[in-house]
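# Residue-level structural notes
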Amino acid sequence: MSLLKLLTNNPKALLGVVLVSFFILASAAAPLLTDYDPQRRVGKPHQPPSEQHLLGTSRMGYDIYSQLLYGGRTSLAVGIGAGTLVTLLAVVLGISSGYFGGKADEIITFFTNVVLVIPNLPLLLVLAAFLGEVGPWIIGLIIGLTSWAWGCRIIRAQTLALREKEFVRAAELIGEPAWRILFCELLPNLVSIIGITFIGSVIYAIMTEATLEFIGLGDPLAVTWGTMLYHAQNSSALLVGAWWEILTPCIAIATLGAGLSLLNFAVDEIANPALRNGRALKRWQQMQLAIRQEAQA
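Counting from 1, residues in each chain are numbered in the order their sequence is written. In keeping with the model being predicted, local features are shown solely for residues with a pLDDT of at least 70 and side-chain atom pairs are shown and tallied solely at 80 or more, while totals for entire chains, interfaces and linings include all residues. The side-chain values count all of the structure's non-hydrogen atoms but skip hydrogen atoms and water molecules.

Axes here refer to lines fitted to C-alpha atoms; in helices the fit is confined to the stretch in contact. Angles between the N-to-C directions go from 0 to 180 degrees. Each helix is a run of H or I in the DSSP string that is no shorter than four residues. Each strand is a run of E no shorter than two, and both are numbered from the N terminus. One way to put it is that helix H6 (residues 120-131) packs onto helix H11 (residues 191-214) with a least axis distance of 11 Å and a crossing angle of 45°. By the criterion of interaxial angle, the relationship of H6 to H11 is oblique. As H6 runs across H11, the sense of the crossing is right-handed. Between H6, through Asn-120, Leu-121, Leu-124 and Leu-125, and H11, the contact on the second element is made entirely by Tyr-204, Thr-208 and Leu-212. Each residue gets one of three labels, nonpolar for Ala, Val, Leu, Ile, Met, Phe, Trp, Tyr, Cys and Pro, charged for Asp, Glu, Lys and Arg, and polar for the others, Gly among them. Residues of the contact of H6 with H11, tallied by class, amount to five nonpolar, two polar and no charged. For classification purposes, an angle smaller than 35 degrees is called roughly parallel, one larger than 145 roughly antiparallel, one from 65 to 115 roughly perpendicular, and anything else oblique. Crossing chirality is assigned from the near helix's rotation relative to the far helix, an anticlockwise turn below a right angle marking it left-handed and a clockwise turn marking it right-handed. Contacts between residues were defined by any pair of non-hydrogen atoms, one from each residue, lying within 4.5 Å.

In structure tokens, the structure reads:
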């Protein structure tokens, strides 16, 4: 099945791709879409949206539209970077634990349980507060190093199930090396779970980074969606009627999160035939109900 056909047959995937692609392309093309420096005063304080400043200005006279585009670059980069680190750790540790077993499984399972027991958000708050006003990349690194346990547990469970399959046993019997079994036999069958883990981790990283920066644990000089909310709160934007300072980053975060969530749901549906069959069964039931109503009429 081609990628285009897959997208057209799944509205969730299509809408998710459109939303996420929009933010990625807009952020990448920020220098082409705006002439203003996001950290330079270019207008009057709290100037409402106008032709000159499409989304208004902040208390310091910064252009909100420029901050949205350039801030999206950082927020997306941190989310994708942290999601990649989380997924990499979860895949390496989960597959190693599930396939090799023995002492490796015991050690990895022990550390996984320790990380799962510690509440993640309070741990992030403590680490960020201990390190002081850290930049977005440090926040992303902290998120990546503390958020891999759930993905590791899921991948380990799936690896344990796949390890008993006939094709894995056959590869072992003919003397295939362990690395080839891992990369050629197990990984292709874990692609959907890995994809779901990555997308979910990106969503979590973007939301968490914005939360930490909003409460003042990030670098206030960095331009991200979280610091936009932080400065809007400190300047009492809503009290003075500068609603655009709050709504702009909030809508951006919510829309991007919705797009990534739709992609997550779509990957789950594509990978799970039971969900697709359930959707087809629902359409068939609706068609049968319509036929009965026409017959009765």
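Picking up where we left off.
Here we come to unusual backbone geometry. Phi at His-46 is positive, roughly 55°, even though this residue is not glycine. Take His-46: it is sitting in the loop between helix H3 (30-33) and helix H4 (64-100). A positive phi angle, close to 55°, is found at Ser-236, a residue other than glycine. Only protein chains enter the accessibility calculation, which uses a 1.4 Å probe; a residue whose area is less than 20% of its type maximum is buried, one above 50% is exposed, and one in between is partly exposed. For Ser-236, a relative accessible area of 31% puts it in the partly exposed group.

To continue, consider the UniProt feature "transmembrane region" (unreviewed entry) in the protein chain. UniProt positions are given in the numbering used here, feature names are shortened, and annotations may be inferred rather than shown by experiment. Here, UniProt's "transmembrane region" (unreviewed entry) annotation points to residues 76-95, 107-131, 137-155, 186-207 and 246-267. As annotated, residues 137-155 has a helix share of 89% and a strand share of 0%, and its two end C-alpha atoms lie 27 Å apart.

Time to look at the pattern of salt bridges. Here a salt bridge means any side-chain nitrogen of Lys or Arg lying within 4 Å of a carboxyl oxygen belonging to Asp or Glu. Following the criterion strictly, the structure yields six salt bridges and no others. One salt bridge in this structure joins Arg-156 and Asp-105, with 2.8 Å as the shortest N-O distance. Taken together, the residues span a long stretch of sequence, with Arg-156 in helix H8 (residues 149-163) and Asp-105 in helix H5 (residues 102-117) at a distance of 51 residues. With its nearest N and O atoms 4.0 Å apart, the salt bridge here joins Arg-180 to Glu-185. For Arg-180, a relative accessible area of 30% corresponds to the partly exposed category. Three or more residues joined by partner-sharing salt bridges are found here, namely Arg-163, Glu-164 and Arg-169.

What follows is about the nonpolar core. Ranked by size, the top nonpolar core spans 23 residues in total, and within it Phe-23, Ile-206, Trp-225, Leu-256 and Leu-260 carry the most contacts. Mapped by element, the contributors of at least two residues to this core are helix H2 (11-28), H4, H11, helix H12 (225-234) and helix H13 (243-271). If you tally residues by element for this core, the top one is H13, at seven residues. With sequence-adjacent residues up to four places away left out, Leu-256 is seen in contact with Val-20, Phe-23, Leu-76, Ile-206 and Trp-225. Residue types Ala, Val, Leu, Ile, Met, Phe, Trp, Tyr and Cys, when buried and joined through side-chain atoms within 4.5 Å, form a set referred to as a nonpolar core.

This part is about the packing of H5 against H8. Remark: H5 packs on H8, axes separated minimally by 9 Å, with the N-to-C direction vectors making an angle of 140°. Here H8 runs oblique to H5, going by the angle between their axes. Note on packing geometry: the crossing formed by H5 with H8 is left-handed. In this structure, H5 uses Asp-105, Ile-108, Thr-109, Thr-112, Asn-113, Val-115 and Leu-116 to contact H8, whose residues at the interface are Ala-149, Trp-150, Cys-152, Arg-153 and Arg-156. Residues belonging to the contact of H5 with H8 are distributed by class as follows: six nonpolar, three polar and three charged.

Further remarks concern H5. The end-to-end C-alpha distance of H5, which contains 16 residues, comes to 23 Å, matching closely the 22 Å that a straight helix rising 1.5 Å per residue would cover. When we look at burial in H5, the residues that qualify are Asp-105, Ile-108 and Thr-112. For H5, the arc enclosing every buried residue in end-on projection is 80°, short of the 170-degree limit, so these residues lie on one face. Among the exposed residues of H5, those pointing more than 90 degrees away from its buried face are Lys-103, Glu-106, Phe-110 and Val-117. One less than the number of residues in a helix, times 1.5 Å, gives the span that helix is expected to have. The arc under discussion is defined with respect to the helix axis, by the directions toward the C-beta atoms.

This paragraph deals with a nonpolar patch on the surface. A cluster of nonpolar residues, Ile-107, Phe-110, Phe-111, Val-114 and Ile-118, forms a patch on the protein surface that exposes about 470 Å² of accessible area. In this structure, Ile-118 sits in the loop between H5 and H6. Each patch is built from residues lacking any salt bridge and having more than 30% relative accessible area; the joining distance is 9 Å for like charges and 5 Å for nonpolar side chains (Val, Leu, Ile, Met, Phe, Trp, Tyr). Only the protein chains shown count as cover for residues, and the accessible areas themselves come from Shrake-Rupley with a 1.4 Å probe.

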